[in-house]
Amino acid sequence: MKILGYTFIVTGGASGLGESVVRSLIEQGAFVAIFDINVKLATTLVEELGKNKCYFPSSVDVTVEDQVNIAVQKTLQYFSTSTLRGAILSSGIVFSPMDGYGPDKTLTSYSQFEHIIRVNLLGTYCVAQKVAQELLRNEPVNDDGERGVIITVSSILGLDGTLVGYGTSKAGIAGLTLPLAKELAPQGIRVMSIAPGPFDTPIVQRQNNTAPTCLYPSRYGQPKEFSDLVVQVIGMRMLNGSVIRLDGALKA
Ligand SMILES: NC(=O)c1ccc[n+]([C@@H]2O[C@H](COP(=O)([O-])OP(=O)(O)OC[C@H]3O[C@@H](n4cnc5c(N)ncnc54)[C@H](O)[C@@H]3O)[C@@H](O)[C@H]2O)c1
C-alpha cells in the first residue's frame, strides 16, 4: 500500500507514538485525521502541520461508538478528494483513575480492570471495525486486491504478562490480530500489530522514567523509530496477521 495521497486515521495521534505516526505519514504525503480526547495537543499539532493535510474532527473518545462513527464520516468529508486507506490505533492508557483494593489499594479492582479494557481493547476494536466498514467500499488498489490496512498497538507487557489490567488489554490487542486479519483477508484488508518495549513518550515520562531500558540499544525507543516501522508495515503487503515486537530484546 502506498501512502502518498491517501488518508489515514491515527488514534492517540495527539501525543507520543501516535503523534510521531501523524508526522511521518504527513511527511510521506498522506492526509491524516487525529482521533484523540486531548483537544489542546491535537489542535496545536494541526496548526503546526497544516489544516490542508491534518484534521482534528473535535474530541473523539474511542470508546464511544457514536463519536467514532461521526468522526469517521467527518474525516471522509474533510478529505473528500482522497481515499481512506487505513488506521493506526495508538490511543491507550496504562492506569485507571479508579481505586484498587487490598493492601495500600495496590491490587487491581474490577472497576480499574474494566476501565482499562474498555479504553485499550474495546476502543481499539471500535475504531478498527468502523474503519474496516469504510475500507470495504474502496476499489482494490493493486494487483493483490488490497483495499487497506489496520495497525494496532499492543505492548511487550501484554505479550510477556505484566500488569493485570494493562497487560491483559494489550494481550487482547495482540490476540485480535490474526482472527481479524483472517476475517478481513477476503476483503483485501491487512491487520498488523506492533508491540513496543519502553519508548520515550509521555506515558513513560509520567511514571518518572522507571521503566527499564531495552537491552540493546540500551535506551528507550524513540517515537520516530516506531513511526518508521509503521511506514514500512503499510508498504509491505506480505506483513499480515502478526505482531511485531519492537523492544531491543527486552522481556518484560
Ligand atoms: N510509550 C511506551 O513505552 C509504550 C510501550 C508499549 C505500548 N505503548 C502503547 O502505545 C500507545 C501510545 O502510547 P504513548 O506512549 O504514545 O502514550 P501517550 O500518553 O503519549 O499517548 C496516548 C494518547 O492516547 C490518547 N487517549 C487516551 N484515551 C483515549 C480515548 N479514550 N480516546 C481517544 N484517545 C485517547 C491520549 O489523549 C494520548 O494522546 C498506547 O496504546 C500505549 O499503550 C506505549
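A quick note: this is a predicted structure, and the numbers were derived from the prediction, not measured.

What counts and how
Residues numbered from 1 in each chain as written. Predicted model: local features only at pLDDT ≥ 70, side-chain atom pairs only at ≥ 80, totals over all residues. Heavy atoms only, no water. Pairing = 2+ DSSP bridges. Helix = DSSP H or I, 4+ residues; strand = E, 2+ residues; numbered from the N terminus. Contact = heavy atoms within 4.5 Å. Axes fitted to C-alpha atoms, helices over the stretch in contact; angles between N-to-C directions. Near = heavy atom within 4 Å. Polar contact = N/O pair within 3.5 Å; in protein donor to acceptor, adjacent residues only side chain to side chain. Areas by Shrake-Rupley, 256 points an atom, 1.4 Å probe, with all protein chains shown as cover. Salt bridge = Lys/Arg side-chain N within 4 Å of Asp/Glu carboxyl O. Buried < 20%, exposed > 50% of the residue type's maximum accessible area, 1.4 Å probe, protein only. Core = buried A, V, L, I, M, F, W, Y, C linked by side-chain atoms within 4.5 Å. Phe/Tyr/Trp six-rings, centres within 6.5 Å; stacked < 30°, edge-to-face > 60°. Arc of directions from axis to C-beta. Left-handed = near helix turned anticlockwise from the far one by under 90°. Nonpolar A, V, L, I, M, F, W, Y, C, P; charged D, E, K, R; others polar.

A. Inspection of the sheet that holds strand 5 (residues 148-153) at higher detail. The 7 strands are arranged 3-2-1-4-5-6-7 in an open sheet whose pairing can be described as parallel. The open sheet has two free edges, formed respectively by strand 3 (54-55) and strand 7 (243-246), since each of these has just one partner strand. Two elements, strand 5 and strand 6 (residues 189-196), share 6 bridges in a ladder whose sense is parallel. Residue pairing across strands places I151 opposite M192, the latter belonging to strand 6. Lying over the sheet, helix 3 (residues 65-78) contacts strand 1 (7-11), strand 2 (31-35), strand 3 and strand 4 (84-89), oriented at roughly 160° with respect to strand 2.

B. Looking closely at the site of the ligand. The full set close to the ligand counts 28 residues, and S15, D36, Y166, F199 and T201 are the nearest of them. Within the backbone of L17, one N or O atom sits 2.8 Å away from an oxygen atom of the ligand. Relative to its unbound accessible surface of 820 Å², the ligand loses 94% to contact with the protein. Taken together, the elements giving at least two residues each to the shell around the ligand come down to helix 1 (16-27), helix 6 (164-184) and helix 7 (202-205). The leading source of residues in the shell around the ligand is helix 7, at 3 residues.

C. Structural detail: the pattern of salt bridges. One pass over the structure, following the stated rule, counts 14 salt bridges. One salt bridge in this structure joins R118 and E114, with 3.2 Å as the shortest N-O distance. Residue R118 and its partner E114 are located together in helix 4 (residues 110-135), separated by 4 residues, close to a single helical turn. Judged by its relative accessible area of 36%, R118 is partly exposed. Since its relative accessible area comes to 31%, E114 is described here as partly exposed. Ionic pairing is found between R245 and D160, a salt bridge with its closest N-O pair at 2.9 Å. With R245 in strand 7 and D160 in helix 5 (residues 156-160), the pair connects residues that are 85 residues apart, well separated along the chain. The class for R245 is partly exposed, based on a relative accessible area of 28%. Overlapping salt bridges bring together E19, R23 and E48 as one network.

D. Inspection of the nonpolar core at higher detail. Within the largest apolar cluster, 33 residues are counted, with the highest numbers of intra-cluster contacts made by F8, V22, L25 and I234. Counting residues per element, the ones that place at least two in this core are strand 1, helix 1, strand 2, helix 2 (39-49), strand 5, strand 6 and helix 8 (223-235). Take this core: its biggest share by element is 6 residues, from helix 8. Discounting residues that sit within four places of it in the chain, I234 has contacts with M1, I3, F8, L25, I88, V149, I151 and R190. Formed by 26 residues, the second largest nonpolar core is a distinct cluster that contains V68, A71, L84 and I150.

E. Seen up close, the packing of aromatic side chains. Tallying each qualifying case throughout the model produces 5 aromatic pairs. Judged by centre distance (5.0 Å) and plane angle (85°), the ring pair of Y78 and F79 falls under edge-to-face. Here F199 and F226 contribute two aromatic rings whose centre-to-centre distance is 6.4 Å and whose plane-to-plane angle is 80°, an arrangement assigned as edge-to-face. A residue pair is termed long-range when its members are at least 10 positions apart, and F199 in the loop between strand 6 and helix 7 and F226 in helix 8 qualify at 27 residues. The burial state of F199 is the same as that of F226; both residues are buried.

F. Fine view of helix 2. Of the residues making up helix 2, those classed as buried are A42, L45, V46 and L49. Down the axis of helix 2, the buried set is contained in an arc of 100°. They therefore lie on one face. Exposed residues lying more than 90 degrees from the buried face of helix 2 are K40, E47 and E48. Taken together, the buried residues of helix 2 touch helix 1, strand 2 and strand 3.

G. Local environment of the packing of helix 3 against helix 4. At their nearest, the axes of helix 3 and helix 4 sit 10 Å apart, and the two run at 40° to each other. Every pair of crossing elements has a handedness; the one defined by helix 3 and helix 4 is right-handed. Between helix 3 and helix 4, the contacting residues are E65, V68, N69, V72, Q73 and L76 on the first element and C126, V127, K130 and E134 on the second. Considering only residue class, the contact of helix 3 with helix 4 consists of 5 nonpolar, 2 polar and 3 charged.

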